[in-house]
Number of protein chains: 2
Amino acid sequence: MTASPEIERLIQLLARVPGLGPRSARRAALHLIQKRDQLMGPLAEALASAAERIVICSVCGNIDTADPCAICADARRETGLICVVETVADLWALERAGAVAGRYHVLGGTLSPLDGIGPDDLNIAGLVERVGSAGITEVVLAVNATVDGQTTAHYVTDLLEPTGVRVSQLAHGVPVGGELDYLDEGTLSAAVKARRPF
Amino acid sequence: MTASPEIERLIQLLARVPGLGPRSARRAALHLIQKRDQLMGPLAEALASAAERIVICSVCGNIDTADPCAICADARRETGLICVVETVADLWALERAGAVAGRYHVLGGTLSPLDGIGPDDLNIAGLVERVGSAGITEVVLAVNATVDGQTTAHYVTDLLEPTGVRVSQLAHGVPVGGELDYLDEGTLSAAVKARRPF
């Protein structure tokens, strides 16, 4: 034991936060204790209040303090467009970019037979239902460009075909600000294939 | 804005924890929200209870939920030995190693004229008082092997000279498990100079 049980418990819990290991949890705990009033107290309150108030949006699967979430409830959003993402983190990334005018649908992961994750483990039925019921005209598949992501994209596309909505996916290409020299061959081939008039 | 104000505030506070940046704070917040019952709630409670109960030991400067701290109150500790450290983190490191049989004294930093940190900003007066009053026979200076640490060590040694206690410092040498090839010249010279019979 290096500290009181109370501090040890705090360190153990902090060590389970992604991004912190056992060593940095110790450093974080010390820093928090030193900044008790400015950081530790407010953080405790923010965590407690978030733990109490946060709900998952029953429409899209986003995380918010209201259900439906602020995005689903926002009347200024395009009603015909649904952007399908794997996780809430991806949703946040697209929102930061302000790239999507419509609403979202969080699958909660990707199909992954090796990990035993099938269609029933993802929020796919909810997507089909949304697309079938409302006046949806386009579904943008913003899944990751990984094997699992693409498998999921194909599966969802097949399921949505009978509804007749337009299904699109994100463009592949050179990241804005990226240098060609550092890009992989797959991205470069895709960027050349999808070249556009200058 | 990417999430509700409640979640944004949580992310902002998490980003101020050392070891987490803005990006990893976002990831941490999502993970915490997903593990609401197992991690987020308990962490909120641990932080609140620590913020409320933790005190600084008036004897040695350690952090604990009791004053004097568990180490100062431990009757099995050698009463004649005080190990002087810069920070509570150093104290914890020595305690993990079980290397010190006596008690500690946390200076709270090092002398650093460039940063405007003088003797009055550190808990040096308290050390001199402790050494003068109790039956202290040895003071081990376990300060860092940096310029500031060594300056502080010299200053403390001079101050303690009139008391007649033995003042020692940590040995310099090859870290246990370390490879010579990766060590700096200063450490290697010190290790050769302090060589011992095999």
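Please read these numbers as outputs of a predicted model, since none were measured by experiment.

### Some remarks on the sheet that holds strand 3 (residues 81–85) of chain B
Residue and element names in this part refer to chain B. Taken in spatial order, the four strands of this open sheet run 4-3-5-6, and their pairing is parallel. The strands lining the two open edges of the sheet, one partner per strand, are strand 4 (103–106) and strand 6 (166–169). On average, each strand axis in the sheet is tilted by 25 degrees relative to the strand beside it, whichever way the strands run. Direction of pairing for strand 3 relative to strand 5 (residues 138–141): parallel, over a ladder of four bridges. Within strand 5, the position partnered with Ile-82 by the bridge is Val-139. Strand contacts of helix 6 (residues 124–133): strand 3, strand 4 and strand 5, with the helix running at about 150 degrees to strand 4, the strand carrying the most contacts. Sitting on the sheet, helix 7 (residues 147–160) is in contact with strand 5 and strand 6, with an inclination near 165 degrees to strand 5.

### Focus on the sheet that holds strand 5 (residues 138–141) of chain A
Residues and elements named next belong to chain A. An order of 4-3-5-6 is seen for the four strands of this open sheet, with the pairing classed as parallel. Whereas interior strands pair on both sides, the edge strands pair on one side only; in this sheet they are strand 4 (103–106) and strand 6 (166–169). Strand-to-strand twist of the sheet, defined as the mean angle between neighbouring strand axes without regard to direction, takes the value 25 degrees. Together, strand 3 (81–85), strand 4 and strand 5 form the strand contacts of helix 6 (residues 124–133), whose direction differs from that of strand 4 by roughly 150 degrees. In the packing of helix 7 (residues 147–160) onto the sheet, contacts are made with strand 5 and strand 6, and the angle to strand 5 comes to roughly 165 degrees.

### As for the relation of the copies chain B and chain A
The two copies are related by a screw operation: chain B maps onto chain A through 180 degrees of rotation and 0.0 Å of translation along the axis, at an RMSD of 0.1 Å. On the angle and the small slide along the axis, the relation comes out as a two-fold axis. When each C-alpha of chain B is compared by its distance to the rotation axis, Ala-44 of chain B comes out closest, at 2.2 Å. Here 100% of the contact residues of chain B are again contact residues in chain A; the copies associate through an equivalent surface.

### Looking at the domain arrangement of chain A
Looking at the assigned domains, one finds that chain A contains domain 1 (8–53) and domain 2 (78–169). Taking only C-alpha atoms into account, the centre of domain 1 of chain A sits 34 Å from that of domain 2 of chain A.

### Focus: the pattern of salt bridges
For the structure on display, the rule yields 12 salt bridges over all chains. Between Glu-6 of chain B and Arg-53 of chain A there is a salt bridge, with the nearest N and O atoms lying 2.8 Å from each other. Of this pair, Glu-6 of chain B sits in helix 1 (residues 5–14) while Arg-53 of chain A is found in helix 3 (residues 36–53), placing the two residues in two different chains. When its relative accessible area of 42% is taken as the criterion, Arg-53 of chain A is described as partly exposed. Arg-26 of chain B serves as the salt-bridge partner of Glu-8 of chain B, at 3.8 Å between the closest nitrogen and oxygen.

### As for the interface of chain B and chain A
Taken together, the contact between chain B and chain A spans 47 residues of the former and 47 residues of the latter. Roughly 4,700 Å² of surface becomes buried between chain B and chain A when both sides are summed, with 72% attributable to carbon and sulfur atoms. Ranking the residues of chain B by area buried against chain A places Glu-6, Leu-47 and Trp-92 of chain B at the top, with a combined share of 15%. Run the count over chain B and chain A and you get eight residue pairs in polar contact (both at pLDDT 80 or more). Put simply, the parts of the chain that give the side of chain B that touches chain A at least two residues each are helix 1, helix 2 (22–34), helix 3 (36–53), strand 2 (63–64) and helix 5 (88–97) of chain B. By residue number, the principal contributor to the side of chain B that touches chain A is helix 3 of chain B, which donates 15 residues.

### Structural notes on the side chain of Arg-103 of chain A
All names here are of chain A. The residue Arg-103 is located in strand 4 in this model. No salt bridge is formed by the buried Arg-103. Its closest oppositely charged neighbour is Asp-74, at 6.2 Å. Of note is the side chain of Arg-103, whose polar atom sits 3.3 Å from the backbone oxygen of Ile-71. Those residues within four positions of Arg-103 in sequence are excluded, and the remaining contacts are Ile-71, Cys-72, Asp-74, Ala-75, Arg-77, Glu-78, Thr-79, Leu-81, Ile-82, Cys-83 and Arg-130.

### Concerning unusual backbone geometry
Residues other than glycine predominantly adopt negative phi, and peptide bonds predominantly adopt the trans conformation. With omega at 0 degrees, the peptide bond leading from Asp-67 of chain A into Pro-68 of chain A counts as cis. Counting through the fold element by element, Pro-68 of chain A comes out in the loop between strand 2 (63–64) and helix 4 (70–73).

What counts and what doesn't
Residues numbered from 1 in each chain as written. Chains lettered and ligands numbered in written order. Predicted model: local features only at pLDDT ≥ 70, side-chain atom pairs only at ≥ 80, totals over all residues. Heavy atoms only, no water. Pairing = 2+ DSSP bridges. Helix = DSSP H or I, 4+ residues; strand = E, 2+ residues; numbered from the N terminus. Axes fitted to C-alpha atoms, helices over the stretch in contact; angles between N-to-C directions. Contact = heavy atoms within 4.5 Å. Least-squares fit on C-alpha atoms with pLDDT ≥ 70 in both. Domains from an automatic or database assignment. Salt bridge = Lys/Arg side-chain N within 4 Å of Asp/Glu carboxyl O. Buried < 20%, exposed > 50% of the residue type's maximum accessible area, 1.4 Å probe, protein only. Buried area = accessible area lost by both parts, 1.4 Å probe. Polar contact = N/O pair within 3.5 Å; in protein donor to acceptor, adjacent residues only side chain to side chain. Lys, Arg positive; Asp, Glu negative; His and termini not counted.

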